Amino acid sequence: MTAKAADKLKSDGWKVADTTGFLTLIGPLWERLKDGALELALITEEKHHNRRGLVQGGVIMTFADRACGMAARFVSGKPTLATVQLDTHFVEAGKIGEILTTRPRVVRSTRSLIFITAEVTVDKRCIAMANGVFKILKNES
């Protein structure tokens with residue numbers, strides 16, 4: 001299923017996102033620009049399951065955090081941001097083998113903070129909603 005899903009994402013214009021550290025444990029993450037907006041995807045695998053056999057909530061939260069953070073980075077053009085707050089609401093369970101997607105949207109941007117909202121979906125089914133606040137950090141040398 002994973003190889004078939006990856007082939008489908010590739011044919012739809014997705015590419016594997018560069019990740020390091022913790023994110024390599026849940027990935028690969030996929031990304032694409034569509035109509036000038038950043039979209040991210042994650043093919044859920046057996047490693048993502050909780051005790052009920054569904055997608056672990058922490059995986060969904062990490063996916064939403066990464067997506068919102070990357071959207072904030074994309075919009076601001078700044079390389080270094082930090083999550084100040086992330087509120088996540090679980091609407092429905094995700095099933096192993098499904099492809100999670102999100103298209104974060106900037107709600108407001110100031111000189112130091114960016115407010116983002118995102119829905120994590122499977123096809124047209126919303127499984128989670130997230131709202132995040134991201135702080136633009138000064139570049140560290």
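As shown above, the structure is provided for reference.
What counts, and where the lines are drawn
Each residue is numbered by its place in its chain's sequence as written, counting from 1. Per-residue local features of the predicted model are confined to residues with pLDDT of at least 70, and side-chain atom pairs are confined, for both listing and counting, to 80 or more; whole-chain, interface and lining totals are unaffected and use all residues. Side-chain calculation: all heavy atoms of the structure are included, whereas hydrogens and water are not. Here, a salt bridge means any Lys or Arg side-chain nitrogen found within 4 Å of an Asp or Glu carboxyl oxygen. Runs of E in the DSSP output that reach at least two residues are strands. Runs of H or I that reach at least four are helices, and both are numbered from the N terminus. A simple rule labels every residue: compare its accessible area, found with a 1.4 Å probe on the protein chains alone, to the largest value its type can have, and call it buried under 20%, exposed over 50%, or partly exposed in between. Here, two residues are considered to be in contact whenever any of their heavy atoms come within 4.5 Å of each other.

Notes on the pattern of salt bridges
(1) Moving on: What the rule picks out here adds up to six salt bridges.
(2) Moving on: Here Lys15 ties to Glu31 by a salt bridge, and the two come within 3.9 Å at their closest N and O atoms. Of this pair, Lys15 sits in strand 1 (residues 15–16) while Glu31 sits in strand 2 (residues 29–34), placing them 16 residues apart in sequence.
(3) Moving on: Classification of Glu31 by relative accessible area gives buried; the value is 18%.
(4) Moving on: The salt bridge involving Glu39 is made with Arg32; its shortest N-O contact spans 2.6 Å. Note on accessibility: Glu39 and Arg32 belong to one class, buried.
(5) Moving on: Connected through shared salt-bridge partners, Arg32, Glu39 and Arg103 make up one network.

Side note on the side chain of Asn50
(1) Moving on: For Asn50, the position within the fold is in the loop between strand 3 (37–43) and helix 3 (57–76).
(2) Moving on: Relative accessible area serves as the criterion here: at 17%, Asn50 is assigned to the buried category.
(3) Moving on: For Asn50, the contacting residues outside a window of four places in its chain are Val55 and Gln56.

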